[in-house]
Amino acid sequence: MYEPNQLRTFLAVAQTLSFTQAARRLGLRQSTVSQHVRRLEEAAGRPLFVRDTHGVELTEDGEAMLGFARTILAAHERAAAFFTGTRLRGRLRFGASEDFVTTRLPEILETFRREHPEVDLELTVELSGTLQARLEAGRLDLVLAKRRGDRAESGGGDRAEAGVGGEELVWQDVLVWIGAPRLRLDPERPVPLIVFPPPGITRARALEALQAQGRPWRIACTSSSLSANVAAARAGLGVMAHTRGLLPAGLVEVPARAGLPELGAVNFVLRKGRRRGATQEAADALAAAILAGGDRLHRPR
């Protein structure tokens, strides 16, 4: 009843909330993406997206289709692997930003390990900037990290650095200021900041935005641990820049009346190293699993 290609297209649109970005990810024309979605909606007998001049949103039926699509595609891939006799082997060094620790990434990794037991998966959790550097140095094979969304986006992403493969967009979001619900900022005093150490992307963007606004600031807490920074924010020590779609429990967006500057967009991307053979096949398989479950990465467990 439901074609796998149409389901893959549906997932890409649902994760990026953009027909254009979905087309880039899948290497299809935008008209083909629209056609796949239309045919899937016809098969389901219900609209899966609401489209207007402001963007794309999932309907309630579209939300329901997410789970069905992942289940159908997973079964399809398991059957294909069984009958082709392919078994992945080797060592895969995977790096993930700490942003994903509280999401459903562990579930995706658990499924991958169960389906590919002969792949030795090594996980590194670090700051996005550190992960990117390790990938470029050949110390990681696949990275799931964030990067600033104000960089040029053409085709499949950034031009590859030497020794590093291409980039695939998992989803886009915006950075916002967050803090404890009862926190009040004094406009006459420097903004108390909770930040990651360099090369933290959110740190750099927060400092740049405040400096451009001419607003004084001070470092109230710095840690490479997301849980430590969240604890400091819950204690009311200051504000931190964070992804809106990954808002930690107990924290809220700082209201606009506080006068803090906008922080702009952020992209969550997959990047591969230039390893070949078994490592590349394992990296491709894990990347495909993450892309298929990308909508679960900005939903708390």
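This is a predicted model, so every value here is computed, not measured. (Residues numbered from 1 in each chain as written. Predicted model: local features only at pLDDT ≥ 70, side-chain atom pairs only at ≥ 80, totals over all residues. Heavy atoms only, no water.)

S.K.: Mind showing me how you'd approach the overall build of the protein here?
M.R.: A tally of helices and strands in the protein yields 9 helices and 11 strands. By the compact-globule yardstick of 19 Å for 301 residues, the protein fits well, its C-alpha radius of gyration being 20 Å. Reported as C-alpha extents along the three principal axes, the dimensions of the protein are approximately 65 × 45 × 35 Å. Here the protein holds 301 residues, and the buried ones make up 45% of them. Split by element, the accessible area of the protein, about 15100 Å² in all, is 51% carbon and sulfur. (Helix = DSSP H or I, 4+ residues; strand = E, 2+ residues; numbered from the N terminus. Rg over C-alpha atoms; globule rule 2.2 N^0.38 Å. Buried < 20%, exposed > 50% of the residue type's maximum accessible area, 1.4 Å probe, protein only. Areas by Shrake-Rupley, 256 points an atom, 1.4 Å probe, with all protein chains shown as cover.)

S.K.: How do you make sense of the nonpolar core when you look at a structure like this?
M.R.: General note: in soluble globular proteins, nonpolar side chains tend to be found buried as a group. In terms of nonpolar packing, the biggest core is built from 39 residues, with Phe94, Leu105, Leu144, Trp177, Ile290 and Leu297 touching the most fellow members. Secondary-structure elements contributing two or more residues to this core are strand E3 (90-97), helix H5 (105-115), strand E5 (142-148), strand E6 (164-179), strand E7 (191-195), helix H7 (201-213), strand E11 (265-273) and helix H9 (278-292). At 6 residues, the largest contribution of residues to this core is made by H9. When residues no more than four places from it in sequence are discounted, the contact partners of Leu105 are Phe94, Ala96, Phe100, Leu144, Ile290 and Leu297. With 20 residues, the next largest nonpolar core counts Val13, Phe49, Leu66 and Leu73 among its residues. (Core = buried A, V, L, I, M, F, W, Y, C linked by side-chain atoms within 4.5 Å. Contact = heavy atoms within 4.5 Å.)

S.K.: I tried to follow the confidence of the model for the protein on my own but got confused; where do I start?
M.R.: Across the protein, pLDDT averages 86, with 91% of residues at or above 70. Counting contacts from residues 151-163, a segment whose pLDDT is below 50, to residues more than four positions away or on other chains yields 20 contacts. (pLDDT = per-residue confidence, 0-100.)

S.K.: Explain the packing of aromatic side chains here, please?
M.R.: One pair of aromatic rings is described through two measures. These are the centre distance and the angle between the planes. Going through the model one piece at a time under the given rule, you end up with 5 aromatic pairs. Centroid distance Phe10 to Phe49: 5.4 Å. Interplanar angle 50°. Geometry classified as tilted. Placement of Phe10 in helix H1 (residues 4-16) and of Phe49 in strand E1 (residues 49-52) is noted, with a sequence separation of 39 residues between them. Each ring, one from Phe100 and one from Phe268, has its centre 5.4 Å from the other, and the planes form 75°; the classification is edge-to-face. With a gap of 168 residues between them, Phe100 in the loop between E3 and H5 and Phe268 in strand E11 connect regions that are remote in the sequence. The residues Phe100 and Phe268 share a single accessibility class, namely buried. Feature note: the residues Phe10, Phe19 and Phe49 constitute an aromatic cluster, connected by ring pairs. (Phe/Tyr/Trp six-rings, centres within 6.5 Å; stacked < 30°, edge-to-face > 60°.)

S.K.: Help me understand helix H2 (residues 19-26), please; the structure alone is not making it clear to me.
M.R.: Residues that lie three or four places apart on an α-helix share one face, since the helix turns once every 3.6 residues. Every buried residue of H2 is listed here: Phe19, Gln21, Ala22, Ala23 and Arg25. Measuring from the backbone nitrogen of Thr20 back to the side-chain oxygen at the start of H2 gives 3.3 Å, which picks out Ser18 as the cap. Within two residues after H2, Gly27 carries a phi angle of roughly 70°, on the positive side. (Polar contact = N/O pair within 3.5 Å; in protein donor to acceptor, adjacent residues only side chain to side chain.)

S.K.: Where do I start with a nonpolar patch on the surface in this structure?
M.R.: Residues Val101, Leu123 and Val125 make up a contiguous nonpolar surface patch of about 230 Å² in total accessible area. Structurally, Val101 is set in the loop between E3 and H5. Among the residues examined, Val101 registers a relative accessible area of 39% and is labelled partly exposed. (Patch = residues over 30% accessible without salt bridge, like charges linked within 9 Å, V, L, I, M, F, W, Y side chains within 5 Å. Salt bridge = Lys/Arg side-chain N within 4 Å of Asp/Glu carboxyl O.)

S.K.: Honestly, unusual backbone geometry in this entry has me stumped. Any pointers?
M.R.: Apart from glycine, the bulk of residues carry a negative phi angle, and the bulk of peptide bonds sit in the trans form. Following Pro198, the chain continues into Pro199 via a peptide bond in cis, with omega recorded as 5°. You can see Pro199 is positioned in the loop between E7 and H7. Its identity is not glycine, yet Leu17 carries a phi of approximately 50°, on the positive side. The residue Leu17 is located in the loop between H1 and H2 in this model.

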